[in-house]
Structures are given as C-alpha cells and as structure tokens.
Amino acid sequence: MKLLPLLEVLVVNAFLIPLLALITENYGLRAAYWTSEGFTSTTVRYPFFFITLAIKGSTHIPGLLSVDWQQVILLVLVVTDAVYLWSAFKDGRRQGAGQTPPLP
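Regarding the overall build of the chain
Then, in step 1: Tallying secondary structure elements over the chain gives two helices and four strands in all.
Then, in step 2: Listing the helices and strands of the chain from first to last along the sequence gives α-β-β-β-β-α.
Then, in step 3: Across the 104 residues of the chain, 14% fall into the buried class.
Then, in step 4: Intrachain contacts of the chain at a sequence separation of at least 6 include 37% that bridge at least 24 residues.
Then, in step 5: Carbon and sulfur atoms form 71% of the exposed surface of the chain, whose accessible area is close to 8,000 Å².

Considering the pairing of strand β2 (residues 49-56)
Then, in step 1: With seven bridges joining them, strand β1 (residues 40-46) and β2 adopt antiparallel strand pairing. Bridge assignment links Val44 to a residue of β2, and that residue is Ile51.
Then, in step 2: Between the end of β1 and the start of β2, which pair antiparallel, lie two residues, with Phe48 showing a positive phi angle near 70 degrees.
Then, in step 3: Note: β2 against strand β3 (residues 59-61), three bridges, orientation antiparallel. By the bridge assignment, Lys56 is partnered in β3 with Thr59.

Each value, and the rule that gives it
Residues numbered from 1 in each chain as written. Predicted model: local features only at pLDDT ≥ 70, side-chain atom pairs only at ≥ 80, totals over all residues. Heavy atoms only, no water. Helix = DSSP H or I, 4+ residues; strand = E, 2+ residues; numbered from the N terminus. Buried < 20%, exposed > 50% of the residue type's maximum accessible area, 1.4 Å probe, protein only. Contact = heavy atoms within 4.5 Å. Areas by Shrake-Rupley, 256 points an atom, 1.4 Å probe, with all protein chains shown as cover. Pairing = 2+ DSSP bridges.

Here it is in structure tokens:
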C-alpha cells in the first residue's frame, strides 16, 4: 500500500468530518432558535435539498428550498473513501497477481 494516497484520504477525512459536525450543529441551532421564538419547525428533506417551515398559531412562515450540505458532505466523504478503498484493493490484487508461487 502506498503512503501518499493514504495520507491524502486522511487529510480529506480530517477536513470533512469536522465540517459535517459543524453543519449538523448549525441545523440543531436553527431548530433551537425557532423553538425559542415559540415556533414549531418542520423540516422536509429531499435528496440534497430541504425546506424548513415554521408555524406558531395562525402564523405560518414558509421555508425556502435550501441545499442540504449535510448530505452533500456525506456523499463526498463516502465517495472519497470508496475510491481510495477500491484503488487500494485493485493495486493489492495487481501486485499479488504478478508474484510467482513458491516452489514446493
């Protein structure tokens, strides 16, 4: 296994995982804000998008279609790791195929 690709994927993971945690915390803080204002918030999720609606009695605040960065970052993280694992597995099989079997 080569060291440079492993370091690259570790650096990407070291950046994306905390970013995912910050985005998740931000979504929680948004929900807490709506609750502190007396609204009930509802989030409707779609692939890579979401809409958050807020309701308080007869007051209805419609949400806007927003990019769900949580899903986007998670997809990039999974694809990055999968490509690394696939290439490491492919290189490992290629190296193993070129070796000669030991003599009896």
